[in-house]
Amino acid sequence: MRGQVLHPLLLRQLRRAGLSADVDDAVAFGELLKHVSRAYAEHDQERTLLERSQDLASQEMVALNDALRAERDALEQRVLDRTAALEVSQSRLSSLLSLSADWIWEQDAELRFTYVSEEFSTAVGFAPRLIGKRHEFGATIEADGEAQAEYERSVAERRPYRDFTYAIVRPDGVKRWIRASGEPVFDADAVFRGYRGVGRDVTEIIAAHQVVKQMAQLDHLTGLPNRRLFLIELDRAIARAHRDGSGFSVCFVDLDRFKHVNDTLGHLAGDQLLATLGKRLRADLRATDLVARMGGDEFVVLLEGTTDPADVSRLAGVLLGTVNQVLHVAGRDMQVSASIGIARYPDDGIDATTLLSHADSAMYEAKAAGKNRFHFHTEVAAREAARQFELEAQLRLAIAREEFELHYQPKLGVDDRAVTAVEALVRWRHPNRGLVMPGEFIALAEDRGLIVAIGRLVIKMACRQIAAWRRQGIEPPCVAINVSAKQFADDVLLADLTAAMTESSVGGGELVVELTETALMADPERATGVLEALRRLGVRIAIDDFGTGYSSLSYLKRFPADEVKIDRSFVDGLPEDPDDLAITQAVIAMAHSLGMKVVAEGVETEAQRSALAAMGCDQMQGYLLGRPMPVEDLVGRLSKAVHGAVAPVLDGPSVHVDGVAATSVGSTPVSLGSPTCEGVHMPAGCASQASASFTQ
Ligand SMILES: Nc1nc2c(ncn2[C@@H]2O[C@@H]3COP(=O)(O)O[C@H]4[C@@H](O)[C@H](n5cnc6c(=O)[nH]c(N)nc65)O[C@@H]4COP(=O)(O)O[C@H]3[C@H]2O)c(=O)[nH]1
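The residue count restarts for each chain, going from 1 along the sequence in the order it is written. Thresholds applied to this predicted model are a pLDDT of at least 70 for local features of residues and 80 or more for the giving and counting of side-chain atom pairs; totals over whole chains, interfaces and linings are not thresholded and use all residues. The basis for every side-chain value is the complete set of non-hydrogen atoms in the structure, without hydrogens or water.

Side note on the overall build of the chain
Working definition: helices are DSSP H or I runs of at least four residues, strands are E runs of at least two. Numbering for both runs from the N terminus. Broken down by element type, the chain carries 22 helices and 23 strands. Within the span of the chain, comprising 696 residues, buried residues form 44% of the whole. Contacts are residue-level and defined by heavy atoms, with any inter-residue pair within 4.5 Å sufficient. Partitioning the contacts of the chain with sequence separation of at least 6, the portion at a separation of at least 24 is 61%. We get accessible surface area from the Shrake-Rupley algorithm with a probe of 1.4 Å; when it comes to residues, only the shown protein chains can shield them. Of the roughly 34800 Å² that the chain leaves accessible, carbon and sulfur atoms contribute 54%. For the exposure calls, accessible area comes from a 1.4 Å probe over protein chains only, and a residue counts as buried if that area is under 20% of its type's maximum, exposed if over 50%, partly exposed in between.

Here it is as structure tokens:
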């Protein structure tokens, strides 16, 4: 075996047996074989062990593999299920989104769009180009300043924002309004990652809002800006003029006697007139001028950049001319006029309230000066406004202190000059100014709501006077009381009359109520009812200033009136003016045909008196026959008349009554309505014709 290389396993066995690799003898060889055999046996054992262990390992691996496979399969199934669910959910979402008007968008931390839904691109028109871009407010995007500021604040503070509305001008030039809501997105580390949100096209909604807004700012009748819009524009004009150092004028245009049109032709015709006028005013002015309707028959014009009185006057003249043009309303041609008050910025005021109030007072000045004209606001006007204010305060005191008295003007028969009644005309006994005439305070009292209180005092004084005459043995004349439109419209009139009549034991037959056409036409139906109630009280009714209103003669028959008073303006022209003659004749004929008496007012000349007599007028009143006079003069005058003396109206002896020393004249009771007067039979009450003869 020497020199031979042995297998390592054999060598290992030899080493274990303590033998050397040099084996020469048989013993040693036998030993060697034992070792060789053991070595095989050990090897077999090791191999068996190894195989066993491999077998075991492989079984575990299979089991593990099986478990893993099962797990993977389960996982895959779960993924499949989830994916399917997600797909369902996604398709549900996209189908809902396609039905909804909302779009979806996402922006990164730089607020650049990373995603916009398809509808967004269709509506906005440049969505594909929007990806990777920010909103650029400026040329293509506009928004309400405040809303934009709030949006920018929200974004800067990474807060959600709701309903931010802005307009986009699409590449094709079409403007669309968009309303967007967004909320910030943060990652797990609370780092801001951008915004995501929804948006929708609200162009139609905005348009509808604008229409509604416009409707709220436009006058429905004329289509002109209404008071609200005018005030906004006025403020803007003030700001502009203040900034540029320029000026403008405000013209307050109020139609004259528009109420008559409404009353006589009806509200529809009135509306038609206003609508036509509104259009004409707009058409006749410069495009830069603003025409608005303030309400009722009031228009206002803002003449931008015009303050020079000559220019303003020219434009105001244009306005008057426009209003004066003949209008075709309710099937007839008519002409109206207006009074215009002008205030200029900055001379007459630097704020809207002052300018409007000055234009308004100037307008009243124009009315007072005869209507159909314009007036500038002046210091005089301002002083007048202050005076009226003061007068109103004094008038209130006067009512509380009963500082009023009545003067009486007789009404006489045209032929025989017998007194048929006396008209009570109120005067204000002012503590400092003396006697103030009604022309100075009646209109103001009507305007400031004081006329009912004054009227109540007048009724009371007239009834007390009748009672006083009676106490003094004087047969009282019938007393006519003026009742203004506002007083007539107030429900207390009948109560006031009844209370005063009861207090003084005066019968209705001793009173005449004089009402203007205007008072009756304001509400003809109600007027008829009130007139009938007055009639039930026995009170007679006279229609005053007849012919000055717009009512046609045929309206007369609607009202249960007893007499018609022809206005002084028609009597003025008698007997020369053919128109006045014709009108007077027509009124007399019409009134007679309706069984009414006719009284002519303002008879100043003998020529007028005889013309009226010739036309068959029943009674007359005027300076020719007697001015309004204090009660003592009236009684004094009449006392002379009773005794057959002829005296000038104002120099008769005074007989003081009603609180002043009363003296009956002679032994016979003085009678204003006594059958003894000049032998004319005169039954008591106003229905009677003549009583005392009353001469100049
Ligand atoms: N030029 C001229 N004038 C004549 C003539 N005859 C009478 N007058 C005046 O004409 C007015 C007649 O009264 P009216 O038309 O009812 O007009 C009245 C009436 O509308 C109102 N008024 C007077 N008293 C009262 C009252 O007690 N209540 C109400 N509501 N109004 C009254 O004041 C108006 C003015 O009254 P007055 O100043 O007293 O003026 C009176 C009278 O003085 C004449 O021949 N020529």
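Considerations on the packing of helix H9 (residues 267–284) against helix H10 (residues 309–324)
At a minimum axis separation of 9 Å, H9 and H10 run at an interaxial angle of 145 degrees. Considering only the axes of H9 and H10, their crossing is right-handed. Across the interface between the two elements, Leu-277, Arg-280, Leu-281 and Asp-284 from H9 touch Val-318, Leu-319, Thr-322 and Val-323 from H10. Fitted lines through C-alpha atoms give the axes, limited to the stretch in contact for helices. The angle between two N-to-C directions lies from 0 to 180 degrees. It is the rotation of the near helix from the far one that decides the hand of a crossing: anticlockwise by less than a right angle makes it left-handed, clockwise makes it right-handed.

With respect to the confidence of the model for the chain
Scored from 0 to 100, pLDDT reflects the predictor's confidence in each residue. Scored by pLDDT, the chain has a mean of 82; 84% of the residues are at 70 or more. Counting interchain partners and residues more than four positions distant, the pLDDT-below-50 stretch residues 640–685 has 94 contacts. In this model, residues 687–696 is a region of pLDDT below 50 whose contacts with residues beyond four sequence positions or in other chains number 57 contacts. With a pTM of 0.52, the predicted complex shows an ipTM of 0.96.

Observations concerning the pairing of strand E21 (residues 597–600)
Here a strand pair is declared whenever DSSP counts at least two bridges between the two strands. Strand direction decides the pairing type here: strand E20 (residues 563–566) and E21, joined by four bridges, are parallel. Across the sheet, the residue bridging to Glu-563 is Lys-597, located in E21. Across two bridges, the pairing between E21 and strand E22 (residues 619–620) is parallel. Bridging from a neighbouring strand, Val-599 pairs with Gln-619 of E22.

Points about the nonpolar core
Counting 79 residues, the largest nonpolar core has Leu-395, Phe-404, Tyr-408, Trp-469, Val-479, Phe-488 and Leu-511 as its most contacted members. Among the elements that make up this core, the one with the highest residue count is helix H14 (residues 451–471) (eleven residues). In this text, buried Ala, Val, Leu, Ile, Met, Phe, Trp, Tyr and Cys residues form a nonpolar core when linked through side-chain atoms within 4.5 Å. Judged by nonpolar contacts, the second largest core, of 30 residues, contains Leu-273, Phe-299, Leu-315 and Ala-338.

Points about the site of the ligand
We call a residue near a molecule or strand whenever a single non-hydrogen atom of that residue lies within 4 Å of it. Near the ligand you find 20 residues, and of these Gln-409, Arg-427, Arg-568, Glu-604 and Tyr-623 are the closest. A distance of 3.0 Å is found between an oxygen atom of the ligand and a side-chain nitrogen or oxygen belonging to Asn-482. Between the ligand and Glu-604 there is a distance of 2.5 Å, counted from a nitrogen atom to a side-chain nitrogen or oxygen. Every element with two or more residues in the shell around the ligand is listed here: strand E15 (419–430), helix H13 (438–447) and strand E19 (540–546). The leading source of residues in the shell around the ligand is E15, at four residues. Between N or O atoms, a polar contact is any pair within 3.5 Å; within protein, one atom must be a potential hydrogen donor and the other a potential acceptor, and residues adjacent in sequence are included only when both atoms are from side chains.

Some words on the sheet that holds strand E13 (residues 374–376)
Spatially, the five strands line up as an open sheet ordered E8-E9-E7-E12-E13, and their pairing is mixed. Sheet topology places strand E8 (290–295) and E13 at the edges, where each strand pairs with a single neighbour. With direction set aside, neighbouring strand axes in the sheet form an average angle of 20 degrees. Direction of pairing for E8 relative to strand E9 (residues 298–304): antiparallel, over a ladder of five bridges. Of the residues in E9, the one forming a bridge with Gly-295 is Glu-298.

Notes on the packing of aromatic side chains
Only Phe, Tyr and Trp rings are paired, with Trp represented by its six-membered ring, and only when their centres lie within 6.5 Å; those with planes under 30 degrees apart are stacked, over 60 edge-to-face, the remainder tilted. Scanning the entire structure with this criterion turns up 13 aromatic pairs. Ring centres 4.8 Å apart and planes at 85 degrees place the aromatic pair Tyr-151 and Tyr-161 in the edge-to-face group. Residue Tyr-151 is located in helix H5 (residues 145–156), and its partner Tyr-161 is located in strand E4 (residues 161–169); the two are separated by ten residues in the primary sequence. Tyr-161 sits in the buried class, given a relative accessible area of 7%. Judged by centre distance (5.8 Å) and plane angle (70 degrees), the rings of Phe-192 and Tyr-195 are edge-to-face.

Here we look at H14
Between the first and last C-alpha of H14 there are 30 Å, a value that for 21 residues agrees with the 30 Å anticipated at 1.5 Å per step. Counting buried positions along H14 gives 15 out of 21 residues, so the element sits mostly inside the fold. Here, expected helix span is obtained from the residue count minus one, scaled by 1.5 Å.

Focus: the pattern of salt bridges
Any Lys or Arg side-chain nitrogen located within 4 Å of an Asp or Glu carboxyl oxygen qualifies as a salt bridge. Counting across every chain of the model gives 40 salt bridges. Here Arg-72 makes a salt bridge to Asp-73, at a shortest N to O gap of 3.2 Å. Relative accessible area serves as the criterion here: at 38%, Asp-73 is assigned to the partly exposed category. Across the pair Arg-401 and Glu-403 runs a salt bridge, and its minimum N-O distance is 3.4 Å. Given a relative accessible area of 13%, Glu-403 falls into the buried group. Linked by salt bridges that have partners in common, Lys-411, Glu-423, Glu-514, Arg-540, Glu-563, Lys-565 and Glu-601 make up one network.

Focus on a nonpolar patch on the surface
Patches were defined on residues exceeding 30% relative accessible area and lacking a salt bridge, with like-charge contacts within 9 Å and nonpolar side-chain contacts (Val, Leu, Ile, Met, Phe, Trp, Tyr) within 5 Å. Together, Met-61, Leu-64 and Leu-68 make up a nonpolar patch on the protein surface, roughly 320 Å² of accessible area in all. Following the sequence through the fold, Leu-68 ends up in helix H2 (residues 26–99).

Some thoughts on the packing of helix H7 (residues 227–244) against helix H11 (residues 352–368)
Packing of H7 against H11 brings their axes to within 10 Å, and their N-to-C directions diverge by 110 degrees. Overall, the two elements H7 and H11 adopt an arrangement that is roughly perpendicular. Remark: the crossing between H7 and H11 carries right-handed chirality. For the pair formed by H7 and H11, the contact residues are Phe-230, Leu-231, Leu-234, Asp-235 and Ile-238 on the first element and Ala-352, Leu-355 and Leu-356 on the second. Considered class by class, the residues forming the contact of H7 with H11 number seven nonpolar, no polar and one charged. Working rule for angles: under 35 degrees goes down as roughly parallel, over 145 as roughly antiparallel, 65 to 115 as roughly perpendicular, anything else as oblique. Under this grouping Gly is polar, as are all residues other than the nonpolar Ala, Val, Leu, Ile, Met, Phe, Trp, Tyr, Cys and Pro and the charged Asp, Glu, Lys and Arg.

A short note on helix H18 (residues 524–536)
The terminal C-alpha atoms of H18, which comprises 13 residues, lie 18 Å apart, in line with the 18 Å expected from a rise of 1.5 Å per residue. Those residues of H18 hidden inside the fold are in contact with helix H15 (485–489), helix H16 (492–504), strand E18 (511–516), helix H17 (517–521) and E19. Backbone geometry just after H18 places Gly-538 at a positive phi near 90 degrees.

With respect to the environment of Leu-497
On the secondary structure map, Leu-497 appears in helix H16. Each C-alpha atom, one on Leu-497 and one on Gly-508, is 9.0 Å from the other, the two residues being eleven residues apart in sequence. If sequence neighbours within four positions are ignored, Leu-497 has contacts with Ile-459, Leu-511, Val-513, Leu-534 and Leu-537.

Concerning unusual backbone geometry
In this model, Tyr-345 is joined to Pro-346 through a cis peptide bond whose omega is 5 degrees. Position of Pro-346 relative to the elements: it lies in the loop between strand E12 (338–345) and H11. Along the chain, Leu-574 connects to Pro-575 via a cis peptide bond; the corresponding omega equals 0 degrees. By the secondary structure assignment, Pro-575 is in the loop between helix H19 (568–572) and helix H20 (578–593). One non-glycine residue with positive phi stands out, namely Ala-190, at about 65 degrees. Relative to the helices and strands, Ala-190 resides in the loop between strand E5 (175–186) and strand E6 (192–201). Given a relative accessible area of 59%, Ala-190 falls into the exposed group. Phi at Arg-257 is positive, roughly 55 degrees, even though this residue is not glycine. Inspection of the secondary structure assignment puts Arg-257 in the loop between strand E7 (248–255) and helix H8 (258–265).

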